[in-house]
There are 2 protein chains.
Amino acid sequence: MPHDLHDFFYPRTVALIGATDKPTKPGTAILENLSHFKGAVYPVNPKHEMLLGHHCYPSIAAIPDAIDLAIIALPARLVEQELDALHEKSIRRIIIISSGFAEAGDEGVAMQKRIAEKTKRHGIRVIGPNCLGVYNTDNGLDSFFVSRERVSRPATGHLSIISQSGAITVILMEALARDGMGIAKAVNYGNRLDVDDADALEYFADDPQTAAVAMYIESVTDGRKFLSAAKACAAKKPLVIWKAGKHELGAVAVASHTATLAGTYGLYQAAFRQAGAVEAYGFDHMIDASKAVALMDYPCTGNRLLIVTNGGGMAVAASDQAQQEGFTMPPVPQQVQERLGQAFPSFFVTRNPIDLTGSGNNEDYYTALKEALPHYDAAVVIVLMGATTVSEEATSLIARACHEAKKPVTCCILQGLGYTQEATHALLRLGIPVYPSPERAVRALAALMKATCKE
Amino acid sequence: MPHDLHDFFYPRTVALIGATDKPTKPGTAILENLSHFKGAVYPVNPKHEMLLGHHCYPSIAAIPDAIDLAIIALPARLVEQELDALHEKSIRRIIIISSGFAEAGDEGVAMQKRIAEKTKRHGIRVIGPNCLGVYNTDNGLDSFFVSRERVSRPATGHLSIISQSGAITVILMEALARDGMGIAKAVNYGNRLDVDDADALEYFADDPQTAAVAMYIESVTDGRKFLSAAKACAAKKPLVIWKAGKHELGAVAVASHTATLAGTYGLYQAAFRQAGAVEAYGFDHMIDASKAVALMDYPCTGNRLLIVTNGGGMAVAASDQAQQEGFTMPPVPQQVQERLGQAFPSFFVTRNPIDLTGSGNNEDYYTALKEALPHYDAAVVIVLMGATTVSEEATSLIARACHEAKKPVTCCILQGLGYTQEATHALLRLGIPVYPSPERAVRALAALMKATCKE
């Protein structure tokens, strides 16, 4: 039997209650976004006969088809009165986009509670309220009330996103799209009247399109259920979790944001460790770690790190970070150094970091990695594209060496203007995660190590 | 009397020894870059009569003009034999670009020592070897051997860069140019045969074009001289220092990079504190802190922080970081909350963080800041440009509120695609530093606080 969340991501038919064409209204953006959905879309609004080329229905009852998923984009006070009609239409999955519930004071708390009781009684599963809902690249389903002009959607990929915060969902997707990374699915459950963190983890653990999971939480519904779901998920695929509201000031912000208790950070950290999940330290690390675990095909099975660079200062920065992340950097074995010494000019440094200096060319990167990488667990490769001796071709040679050695590699290429951006995207297409600073390349690799080195 | 370094940045005439037109040769890129210099340029190379439209001279002696600065871009082994001719021509400032000296083994160490002795005897000041030299936006002087196609040059601004590493110099400049930030001057002194960290600090301390200094070091020549120069500089303008080679692995990398001893990190940290300099933790923080201190006109004179957002999750992340950086976040005063409550819909949160939610518009940002900012020492303002209710106009309203209150503000706008980039550049033009993650906006503000809150 499919997981309860399956029908949220794979409905045949979707009704949008509160569809409209007024600019800036959530119901407008959602209807536009649903035009990408490979299924039937039924807008509901008694004031319209047609909306964006769809026939528009005066009520749920008037729709001449069974509805698998209803998306509600009405003002909060109008949501409750829709529930009976939804039940009569035998709709068992609803997403409540509307804000103005538990996060907005006592009245909202009471409304949310009444909706929870009624939907539970009817066996209706609910995502939301106060949420974006779901995004599925597999069938184009997109209940997000942000337009594609404003927020780019990532292409199809293997990472799925679970987020308590709509804002974080959106900026994660925007950042991944910008970096050329694809995603599989995303869910933002907001006030989690019903569907919560653990449900989403359970579903993605077994979703064949999802190879890795990135999760943002401020709190969890039920610690025990969360831990067990996280453990089950992390046992099958890398799971990166960013817990916000770590410290006192953050916890205060959580209270006004999602009206929940942030809980003791130490307990969360212990749970992440026990579950085998990787903790992301913040926004940048969340993006970086997610890219590494979702893109890189090879596990990082140990902590012996090789660094290859054409800029010595960048290797110093990477080495500092490597130490903080628990890597060791044994010297390149003597016989390998001798072979490299024959292939390279005498002023290249062949120890570790291997420094090709400003004179190193594309082929030198390949030579260095081909000879040395088999003796390490992983490598960080830094390319200053400013050197006239390197070109975009370096990216395919680095990727080739990585795939030949079957060892994980992260790259650092400063994201500057046109030239470096092309190299960055070329590397991503070749399966090599790439980062804009040496520290971030090292920390991302460390996240991959934590996710995949299980002894 | 001007500082000894003055003539390196403001020569009337420059000779380039080793000028050429072969692609990928340093002498080619430097000659191209010198075309931007507002002074006379004399290429020297016996094999050419013309180079890039300049008359080319067979030797230094053949140049029919006094030379204030000679740039040497010859292979290392050919440098030494030029010194007598330079001395006879009364040249008192030389930049040795060439690598292959102390960083390249015993022979190089010996050559470098002989050059140091000879130039000292003749009263010649030397930048390098193994360096990029100088860049001065005030007169277009540019001795860097990287082409402008490869590495963008920042426009004119108020930040000056001192760096022991050429690679770091280049990527700092590239990152600043990408972000629309200008610089005043840059110097990379490489093996510092003569001119060193302390000399550069002394010079920039009194340079009227320099309002703030960003410095990358792996080691210093003389701890006492460095401390005294850093103290003198930080007393006059914000000084941000990134010390690499902090930990054992980094120190090993320093030894092969600049052939120097990284020294004990703790001693450096104590020196930075004593000098009143701000320590940057790594590459990203170096960029972030430099932007904050160079751009922001108002000092951060205390630690009471206001956060304004249209995405709750982003404010939680910012609050977590605020606590780690030593900020406090007192609630918005009751009477101000009441005024905001009248101006805003009831579901906006007016405490602190002020959360305008996905419905907040451009004017709401102005209202929130105008009312609340005067009660704080500084603010971090987060704008999710994905919300349909905000537009680029938010940037000018935020800047207006900042300038009216005369309090420092840093912004967080995710650097996504076209739309957000325009907003980012608009804010920078208005003097507001802007960052791609909430944590980075907070850490940059903390750097400004350390640089400007001196009680």
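Residues numbered from 1 in each chain as written. Chains lettered and ligands numbered in written order. Predicted model: local features only at pLDDT ≥ 70, side-chain atom pairs only at ≥ 80, totals over all residues. Heavy atoms only, no water.

Novice: An account of the overall build of chain A is needed here, citing residue identities and associated values.
Specialist: Regarding its fold elements, chain A presents 17 helices and 19 strands. In terms of overall dimensions, chain A is globule-like: its C-alpha atoms have a radius of gyration of 25 Å, near the 23 Å expected for 455 residues. Considering only C-alpha atoms, chain A reaches an extent of 80 × 45 × 40 Å along its principal axes. Sorting the 455 residues of chain A into buried and exposed places 64% on the buried side. A fraction of 74% describes how many contacts in chain A between residues 6 or more apart in sequence connect residues 24 or more apart. Accessible area of chain A: about 16,000 Å², with a carbon and sulfur share of 51%. Of the charged side chains in chain A, 42 are positive and 48 negative, and the gap between their average positions amounts to 4 Å. (Helix = DSSP H or I, 4+ residues; strand = E, 2+ residues; numbered from the N terminus. Rg over C-alpha atoms; globule rule 2.2 N^0.38 Å. Buried < 20%, exposed > 50% of the residue type's maximum accessible area, 1.4 Å probe, protein only. Contact = heavy atoms within 4.5 Å. Areas by Shrake-Rupley, 256 points an atom, 1.4 Å probe, with all protein chains shown as cover. Lys, Arg positive; Asp, Glu negative; His and termini not counted. Charge placed at Lys NZ, Arg CZ, Asp CG, Glu CD.)

Novice: I'd like a description of the nonpolar core, backed by residues and values.
Specialist: In this structure, A:Leu306 and B:Leu306 are the most contacted members of the largest nonpolar core, which totals 204 residues. Apart from the residues within four sequence positions on either side, A:Leu306 is in contact with A:Val332, A:Asn352, A:Ile354, A:Leu369, A:Ala372, A:Leu373, A:Tyr376, A:Ala378, A:Ala379 and A:Val380. (Core = buried A, V, L, I, M, F, W, Y, C linked by side-chain atoms within 4.5 Å.)

Novice: Before we move on, can you summarise the sheet that holds strand E2 (residues 40-44) of chain B with the specific residues and values?
Specialist: All names here are of chain B. The strand order across the open sheet built from 5 strands is E2-E1-E5-E6-E7, with neighbouring strands paired in parallel fashion. Of all strands in the sheet, those with a lone pairing partner are E2 and strand E7 (125-127), marking the two edges. Sheet twist, expressed as the mean angle between neighbouring strand axes with direction ignored, is 20 degrees. Alignment of strand E5 (residues 69-72) against strand E6 (residues 93-96), held across 3 bridges, turns out to be parallel. Across the sheet, the residue bridging to Ile71 is Ile95, located in E6. (Pairing = 2+ DSSP bridges. Axes fitted to C-alpha atoms, helices over the stretch in contact; angles between N-to-C directions.)

Novice: Requested: an account of the pattern of salt bridges, with residues and values cited.
Specialist: All names here are of chain A. A complete count under the given rule lists 44 salt bridges over all chains for this structure. The partner of Asp4 in a salt bridge is Arg93, with the nearest N and O atoms 3.8 Å apart. Here the residue Asp4 occupies a position in the segment before helix H1 (6-9), and Arg93 occupies one in strand E6 (residues 93-96), the gap between them amounting to 89 residues. In this structure Asp4 comes out as partly exposed when scored by relative accessible area, which is 28%. With a relative accessible area of 10%, Arg93 lands in the buried category. (Salt bridge = Lys/Arg side-chain N within 4 Å of Asp/Glu carboxyl O.)

Novice: Requested: an account of the packing of aromatic side chains, with residues and values cited.
Specialist: By the definition in use, this model includes 22 aromatic pairs over all chains. Taking the centre distance of 6.2 Å and the plane angle of 50 degrees together, the rings of A:Tyr268 and A:Phe272 count as tilted. Within this pair, A:Tyr268 and its partner A:Phe272 are both found in helix H10 (residues 265-275), separated by 4 residues, close to a single helical turn. For the residue pair A:Tyr268 and A:Phe272, the accessibility class agrees, reading buried in each case. Following the ring pairs from residue to residue traces out a cluster consisting of A:Phe9, A:Tyr203 and A:Phe204. One cation-aromatic arrangement involves B:Arg153 over B:Tyr135; the distance from NZ or CZ to the ring centre is 5.9 Å. (Phe/Tyr/Trp six-rings, centres within 6.5 Å; stacked < 30°, edge-to-face > 60°. Lys NZ or Arg CZ within 6 Å of the ring centre and 35° of its normal.)

Novice: Any chance you could break down the environment of A:Leu51 for me, citing the residues and the numbers?
Specialist: Residue and element names in this part refer to chain A. Examined against the element boundaries, Leu51 turns out to sit in strand E3 (residues 50-51). Each C-alpha atom, one on Leu51 and one on Ala19, is 7.8 Å from the other, the two residues being 32 residues apart in sequence. With residues near it in sequence (within four places) discarded, Leu51 still touches Ala19, Thr20, Asp21, Leu31, Pro43 and Cys56.

Novice: Please set out the relation of the copies chain A and chain B residue by residue, giving values where relevant.
Specialist: Relative to chain B, chain A is turned by 180 degrees and slid 0.0 Å along the rotation axis, the superposed coordinates differing by an RMSD of 0.0 Å. Expressed as a symmetry operation, the mapping of one chain copy onto the other fits a two-fold axis. Within chain A, A:Asp284 has its C-alpha nearest the rotation axis, a separation of 5.3 Å. The fraction of interface residues of chain A whose copies in chain B are also interface residues reaches 100%, indicating that both copies meet through the same surface. (Least-squares fit on C-alpha atoms with pLDDT ≥ 70 in both.)

Novice: How would you explain the packing of helix H8 (residues 223-236) of chain A against H10(A) if you had to name every residue and give the values?
Specialist: Residue and element names in this part refer to chain A. Orientation of H8 relative to H10, taken along the N-to-C sense of each, is 35 degrees, at an axis distance of 8 Å. Judged by the sense of rotation from one axis to the other, the crossing of H8 with H10 is right-handed. Taken together, the residues of H10 that come into contact with H8 (itself represented by Phe226, Leu227, Ala230, Lys231 and Ala234) are Ala271, Phe272, Gln274 and Ala275. Tallied by class, the residues present in the contact of H8 with H10 amount to 7 nonpolar, 1 polar and 1 charged. (Left-handed = near helix turned anticlockwise from the far one by under 90°. Nonpolar A, V, L, I, M, F, W, Y, C, P; charged D, E, K, R; others polar.)

Novice: I'd like a rundown of the interface of chain A and chain B, residues and numbers included.
Specialist: Tallying the contact residues gives 68 residues for chain A and 69 residues for chain B. In this assembly, chain A packs against chain B so that about 5,200 Å² is buried in total across both faces, 65% of it on carbon and sulfur atoms. Inspection of the chain A/chain B interface yields 0 salt bridges. Only helix H6 (166-178), strand E13 (239-243), helix H9 (248-258), helix H11 (283-295), helix H12 (312-324) and helix H17 (438-452) of chain A provide two or more residues apiece to the side of chain A that touches chain B. With 11 residues, H12(A) is the largest single contributor of residues to the side of chain A that touches chain B. In the side of chain A that touches chain B, the residues fall into 34 nonpolar, 21 polar and 13 charged. (Buried area = accessible area lost by both parts, 1.4 Å probe.)

Novice: Please give an account of the side chain of B:Asp284 that cites residues and values.
Specialist: Among the secondary structure elements, B:Asp284 is positioned in helix H10 (residues 283-295). On the basis of relative accessibility, which here comes to 16%, the residue B:Asp284 falls in the buried class. Residues in contact with B:Asp284, not counting those within four places in the same chain, are A:Ser437, A:Arg440 and B:Arg440.

Novice: Tell me about empty space enclosed by the protein, and please be specific about residues and values.
Specialist: Gaps left between atoms show up when a probe the size of a water molecule is rolled over them. For the structure on display, the rule yields 4 cavities of 30 Å³ or more. Empty space within the second largest cavity amounts to approximately 80 Å³. Taken together, A:Val383, A:Leu384, A:Met385, A:Gly386, A:Ile413, A:Leu414, A:Thr420, B:Arg150, B:Val151, B:Val170, B:Ile171 and B:Glu174 make up the lining of the second largest cavity. Here the lining of the second largest cavity takes 3 residues from helix H5 (residues 166-178) of chain B, the largest share from any one element. Looking at the lining of the second largest cavity residue by residue, the class counts come to 8 nonpolar, 2 polar and 2 charged. (1 Å grid on protein atoms, 1.4 Å probe; cavity = no way out; pocket = protein on both sides within 12 Å on 5 of 7 lines; lining within 4 Å. Points joined across faces, edges and corners; volume = space filled by probe spheres on them.)

Novice: Can you tell me about H9(A), naming the residues and giving the values?
Specialist: Within H9(A), the full set of buried residues consists of A:Leu249, A:Gly250, A:Ala253, A:Val254, A:His257 and A:Thr258. Looking straight down H9(A), one finds its buried side chains confined to an arc of 145 degrees; they lie on one side. Where H9(A) is buried, its residues touch helix H11 (312-324) and strand E16 (354-355) of chain B. (Arc of directions from axis to C-beta.)

Novice: Any details on unusual backbone geometry? Residues and values, ideally.
Specialist: Here the amide bond leading from A:Gly128 into A:Pro129 is cis, since omega sits at -5 degrees, within 30 degrees of zero. Residue placement: A:Pro129 occurs in the loop between strand E7 (125-127) and strand E8 (133-136). With an omega of 5 degrees, the peptide bond running from B:Asn352 to B:Pro353 counts as cis. Relative to the elements of secondary structure, B:Pro353 occurs in the loop between helix H12 (334-343) and E16. One non-glycine residue with positive phi stands out, namely A:Leu52, at about 50 degrees. Here A:Leu52 shows up in the loop between E3 and strand E4 (54-55). Phi at B:Lys406 takes a positive value of approximately 55 degrees, unusual for a residue other than glycine. With respect to the element layout, B:Lys406 can be found in the loop between helix H14 (393-405) and strand E18 (409-412). Judged by its relative accessible area of 55%, B:Lys406 is exposed.

Novice: How would you explain the environment of A:Pro345 if you had to name every residue and give the values?
Specialist: Residues and elements named next belong to chain A. As for its placement among the helices and strands, Pro345 is situated in the loop between helix H13 (334-343) and strand E16 (354-355). Classification of Pro345 as partly exposed rests on a relative accessible area of 36%. Put simply, Pro345 and Gly360 are 15 residues apart on the chain and 9.1 Å apart in space, counted from C-alpha to C-alpha.

Novice: Can you lay out the sheet that holds strand E11 (residues 183-188) of chain A for me, pointing to particular residues and giving the numbers?
Specialist: All names here are of chain A. Taken together, 7 strands build an open sheet; the order of strands is E9-E8-E11-E10-E12-E13-E14 and the sheet is mixed. In the strand order of this sheet, the two ends are held by strand E9 (141-142) and strand E14 (278-280), each with one partner. In this structure, E8 lies alongside E11, joined through 4 bridges in antiparallel fashion. Pairing of Tyr135 across the sheet is with Ala186, part of E11.

Novice: Report on the packing of H12(A) against helix H8 (residues 248-258) of chain B, specifying residues and quantitative values.
Specialist: Two elements in contact, H12(A) and H8(B), have axes separated by 7 Å at closest approach and are oriented at 165 degrees. When the axes of H12(A) and H8(B) are compared, the pair comes out roughly antiparallel. Handedness of the H12(A)/H8(B) crossing: right-handed. Where H12(A) approaches H8(B), its residues A:Gly312, A:Gly313, A:Ala315, A:Val316, A:Ser319, A:Asp320, A:Ala322 and A:Gln323 are matched on the opposing element by B:Glu248, B:Leu249, B:Gly250, B:Ala253, B:Val254 and B:His257. Across the contact of H12(A) with H8(B), the residue classes break down as 6 nonpolar, 6 polar and 2 charged. (Parallel < 35°, antiparallel > 145°, perpendicular 65-115°, else oblique.)

These values are about where atoms sit, not about what they do.
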